Amino acid sequence: MSDNVIKFRKPKPPPKAPNPMIRKLVIIAVVILVFAAAWAYFQVTGAPAP
């Protein structure tokens, strides 16, 4: 084939940036789970809270 042929192609869409709201929700969920796990531990073991 000849190299001087123009090929018309659709430009690739730019990669999407991650949603910052999802990251905030994940961090809040992890913090809540840590507190719930600590509460459950102290309820089950009967150890006094520090």
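As shown above, the structure is provided for reference.
Reading the values: the criteria
Residues numbered from 1 in each chain as written. Predicted model: local features only at pLDDT ≥ 70, side-chain atom pairs only at ≥ 80, totals over all residues. Heavy atoms only, no water. Helix = DSSP H or I, 4+ residues; strand = E, 2+ residues; numbered from the N terminus. Rg over C-alpha atoms; globule rule 2.2 N^0.38 Å. Buried < 20%, exposed > 50% of the residue type's maximum accessible area, 1.4 Å probe, protein only. Areas by Shrake-Rupley, 256 points an atom, 1.4 Å probe, with all protein chains shown as cover. Phe/Tyr/Trp six-rings, centres within 6.5 Å; stacked < 30°, edge-to-face > 60°.

S.K.: Even after reading the chapter, I still don't get the overall build of the chain, so can you show me in this structure?
M.R.: Scanning the chain from terminus to terminus reveals one helix and zero strands. The C-alpha atoms of the chain give 27 Å as radius of gyration, which overshoots the globular expectation for 50 residues (10 Å, by more than 25%). Projected onto the principal axes, the alpha-carbon positions of the chain cover approximately 80 × 20 × 15 Å. Looking at the chain as a whole, 0% of its 50 residues are labelled buried. Only carbon and sulfur atoms are counted for the fraction: they give 71% of the accessible area of the chain, which is about 5,500 Å².

S.K.: Quick question: what am I supposed to make of the packing of aromatic side chains here?
M.R.: Both the distance between ring centres and the angle between the ring planes are used here to describe each pair of aromatic rings. One pass over the structure, following the stated rule, counts one aromatic pair. On the basis of an interplanar angle of 70° and a centroid distance of 5.3 Å, the ring pair of Tyr41 and Phe42 is categorised as edge-to-face. Its relative accessible area of 48% is what places Tyr41 among the partly exposed residues.

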